[in-house]
Protein chains: 2
Amino acid sequence: MLIKFFIKPRKGVLDPQGRAVAESLKSLGFDNVKDVKVGKYIEVYVDSTDKEKAIEEAKEMAKKAIVNDLIEDYEIQVVE
Amino acid sequence: MLIKFFIKPRKGVLDPQGRAVAESLKSLGFDNVKDVKVGKYIEVYVDSTDKEKAIEEAKEMAKKAIVNDLIEDYEIQVVE
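Residues numbered from 1 in each chain as written. Chains lettered and ligands numbered in written order. Predicted model: local features only at pLDDT ≥ 70, side-chain atom pairs only at ≥ 80, totals over all residues. Heavy atoms only, no water.

Chemist: What should I look at first to understand the pattern of salt bridges in this one?
Modeler: It is possible for side chains of opposite charge to pair when their charged atoms get near one another. All names here are of chain A. Counted by the stated rule, this structure contains 16 salt bridges over all chains. Taking the shortest distance from any N to any O, the salt bridge between lysine 59 and glutamate 56 comes out at 3.7 Å. Highlighted residues: lysine 59 and glutamate 56, both in helix α2 (residues 51–66), separated by three residues, approximately one helical turn. By relative accessible area, lysine 59 is classed as partly exposed at 40%. A salt bridge links lysine 64 to glutamate 60; the shortest N-O distance between them is 3.4 Å. Separated by four residues within a single helix, lysine 64 and glutamate 60 lie in helix α2, roughly one turn from each other. Connected via shared salt-bridge partners are Arg10, Asp69 and Asp73. (Salt bridge = Lys/Arg side-chain N within 4 Å of Asp/Glu carboxyl O. Helix = DSSP H or I, 4+ residues; strand = E, 2+ residues; numbered from the N terminus. Buried < 20%, exposed > 50% of the residue type's maximum accessible area, 1.4 Å probe, protein only.)

Chemist: Explanation requested: the sheet that holds strand β3 (residues 72–79) of chain A in the structure shown.
Modeler: Each strand in a sheet pairs with its neighbour through backbone hydrogen bonds, running either in the same direction (parallel) or in the opposite one (antiparallel). Across the sheet, which stays open at both edges, the six strands sit in the order β3(A)-β1(A)-β2(A)-β2(B)-β1(B)-β3(B) with antiparallel pairing between neighbours. On the outer flanks of this sheet lie β3 of chain A together with β3 (72–79) of chain B, each paired with one strand and no other. Direction aside, the axes of adjacent strands within the sheet are offset by 20 degrees on average. One ladder, built from six bridges, connects strand β1 (residues 2–9) of chain B with strand β2 (residues 33–46) of chain B; its direction is antiparallel. Following the sheet pairing, B:Ile7 is matched in β2(B) by B:Lys40. Strands in contact with helix α1 (residues 16–27) of chain A are β2 (33–46) of chain A together with β2 of chain B; relative to β2(A), the strand with the most contacts, it is inclined by about 120 degrees. (Pairing = 2+ DSSP bridges. Axes fitted to C-alpha atoms, helices over the stretch in contact; angles between N-to-C directions. Contact = heavy atoms within 4.5 Å.)

Chemist: I'm lost on the packing of aromatic side chains in this one. Help?
Modeler: Between two aromatic rings, the relevant description is the distance of the centres plus the angle of the planes. Residues and elements named next belong to chain A. Taken as a whole and assessed by the stated rule, the structure comprises five aromatic pairs over all chains. Aromatic side chains phenylalanine 6 and tyrosine 41 sit 5.6 Å apart centroid to centroid with 10 degrees between the ring planes, which places their arrangement in the stacked category. Of this pair, phenylalanine 6 sits in strand β1 (residues 2–9) while tyrosine 41 sits in strand β2, and the two are 35 residues apart along the sequence. Given a relative accessible area of 5%, tyrosine 41 falls into the buried group. (Phe/Tyr/Trp six-rings, centres within 6.5 Å; stacked < 30°, edge-to-face > 60°.)

If you want it as structure tokens, here you go:
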């Protein structure tokens, strides 16, 4: 089973990478860019057949090792 | 409109961050972890009402500024 983590800076947290990408896109002519957030995309492949259990495990992983809850927001998606 | 980019290292490309996260998860007791890939998750908010056009624009952005095609794979999702 594959667990996908989509992590991004919390609202209000400084995101210098996001600003840099936004400026870069604008300078390349993408004038309609309003805002950019740069975060992390993590794939974790696990040996598991129980999707519900995998979701619970994913939340534990996020809390213990993958997400910094103070400054990051995240979403999980589990793919069979 | 919101363009989401999911970027990860290409198969075969060294991913030391992925290895580090995998080791860390295993040492925390997540014994069923088989593999981990660490990539980037980028959100680009654009002023646009045409979804098809936004998808084309997203591909251009990926090519010109966001993805390093030699070492990275990516997927795009456009949300209205």
